[in-house]
Amino acid sequence: MSNSWYRLMVVGGAIAIALSGCSNLTIDQYEATAKTIYTWQVKYAIDLNNKSPRFETFASTSLINRNGIKPMGAVTGPDDRGLWWAALPPRPTVDEVEQRKKSGERASPPELIKSVEYQFSYPQGDRQVTLPTNYQVYRQVVKARPTRTPLKLTLGITDKSVEKAEPVR
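Residues numbered from 1 in each chain as written. Predicted model: local features only at pLDDT ≥ 70, side-chain atom pairs only at ≥ 80, totals over all residues. Heavy atoms only, no water.

**Q** It is not clear to me how the overall build of the chain should be interpreted in this structure. Could you clarify?
**A** When you go through the chain residue by residue, the secondary structure sums to three helices and eight strands. Walking the chain from its N terminus toward its C terminus, one meets helices and strands in the order α-β-β-β-α-β-β-β-α-β-β. When contacts within the chain are restricted to residue pairs at least 6 apart in sequence, long-range pairs at least 24 apart make up 63% of them. Total accessible area on the chain stands at roughly 10900 Å², and carbon and sulfur atoms take up 53% of it. (Helix = DSSP H or I, 4+ residues; strand = E, 2+ residues; numbered from the N terminus. Contact = heavy atoms within 4.5 Å. Areas by Shrake-Rupley, 256 points an atom, 1.4 Å probe, with all protein chains shown as cover.)

Next comes the structure, spelled out in structure tokens:
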């Protein structure tokens, strides 16, 4: 067997395995959430330019956005991605930062980290399925939900995530 033929068989098999783990599903009842999170973080290291510093997290706040509707408790937003955010958590004091230092370490100034966790939920029989998803799916729900447009979902490998959502017309 030639080397290129062998490579073609290996690549083809990998694609077949990847495709076999994904399924499609059409649904007309669904919800998407985006949990917006602010977290204060400080980097610790003997040399702050070191490639493997230690990170400590301090106070955090979060807010659940549901289907693009302004949630109670929103302080800012919507941002450029249509998301609402809670109030900032309290910035760590110099005493709090110093208390977590180990011998010989230096600490960076506290940095405010913004992150978002997306989820997609839909009924399946008598239970609710909730899977992780991404910004694109969340936005598709925000646009489709007001008119109750059914969505065709592409689930990830072993159906453990929602990778894509497209309106069914």
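Back to the write-up after that little detour.
**Q** Sorry if this is basic, but what is going on with the pairing of strand 6 (residues 127-132) here?
**A** Across a regular strand the side chains alternate sides, sitting on one face of the sheet and then on the other. One ladder, built from six bridges, connects strand 5 (residues 111-124) with strand 6; its direction is antiparallel. Paired with Gln124 across the strands is Arg127, a residue of strand 6. Between strand 5 and strand 6, which pair antiparallel and follow one another directly, the connecting turn spans two residues, one of which, Gly125, has a positive phi of 65 degrees. (Pairing = 2+ DSSP bridges.)

**Q** Is there a simple way to think about helix 3 (residues 135-144) in this case?
**A** Residue pairs three or four apart in sequence face the same way in an α-helix, which turns once every 3.6 residues. Counted residue by residue, helix 3 has seven buried out of ten residues, so it is predominantly covered. Listed as buried for helix 3 are Tyr135, Val137, Tyr138, Gln140, Val141, Val142 and Ala144. Buried residues along helix 3 sit against strand 2 (31-45), strand 3 (54-66), strand 5, strand 7 (151-155) and strand 8 (162-167). The distance from a side-chain oxygen at the start of helix 3 to the backbone nitrogen of Gln136 is 3.1 Å, and the residue carrying that oxygen is Asn134. (Buried < 20%, exposed > 50% of the residue type's maximum accessible area, 1.4 Å probe, protein only. Polar contact = N/O pair within 3.5 Å; in protein donor to acceptor, adjacent residues only side chain to side chain.)

**Q** What am I meant to see in the sheet that holds strand 7 here?
**A** Paired through their backbone hydrogen bonds, the strands of a sheet run either parallel or antiparallel. Taken together, the three strands give an open sheet; going across it, the order is 1-7-8, and neighbouring strands pair in antiparallel fashion. Each edge of the open sheet is held by one strand with a lone partner, namely strand 1 (24-27) and strand 8. Taking the axes of each pair of neighbouring strands and ignoring which way they run, one obtains an average angle of 25 degrees across the sheet. Relative to strand 7, strand 1 runs antiparallel, the two being bridged by four bridges. By the bridge assignment for strand 7, Leu25 is matched with Leu153. Its contacts with the sheet put helix 3 on strand 7 and strand 8, and the angle it makes with strand 8 is roughly 30 degrees. (Axes fitted to C-alpha atoms, helices over the stretch in contact; angles between N-to-C directions.)

**Q** Explain the pattern of salt bridges here, please?
**A** For side chains of opposite charge, pairing can occur when their charged atoms come near one another. Taken as a whole and judged by the stated rule, the model has five salt bridges. Here Glu105 and Arg54 are joined by a salt bridge, their closest N and O atoms 2.6 Å apart. Of this pair, Glu105 sits in the loop between helix 2 (94-99) and strand 4 (106-107) while Arg54 sits in strand 3, placing them 51 residues apart in sequence. Each member of the pair Glu105 and Arg54 is classed as buried. Notably, a salt bridge pairs Lys164 with Glu166, separated by 3.7 Å at the nearest N-O pair. Overall, Glu166 belongs to the partly exposed group, its relative accessible area being 31%. By sharing partners, the salt bridges in this structure join Arg54, Glu56, Arg100 and Glu105 into a single network. (Salt bridge = Lys/Arg side-chain N within 4 Å of Asp/Glu carboxyl O.)

**Q** What am I meant to see in unusual backbone geometry here?
**A** Most peptide bonds take the trans form, and the phi angle of most residues other than glycine is negative. In this model, Gly77 is joined to Pro78 through a cis peptide bond whose omega is 0 degrees. Within the secondary structure layout, Pro78 lies in the loop between strand 3 and helix 2. Positive phi values are uncommon outside glycine, yet Arg148 reaches one of about 55 degrees. By relative accessible area, Arg148 is classed as exposed at 52%.

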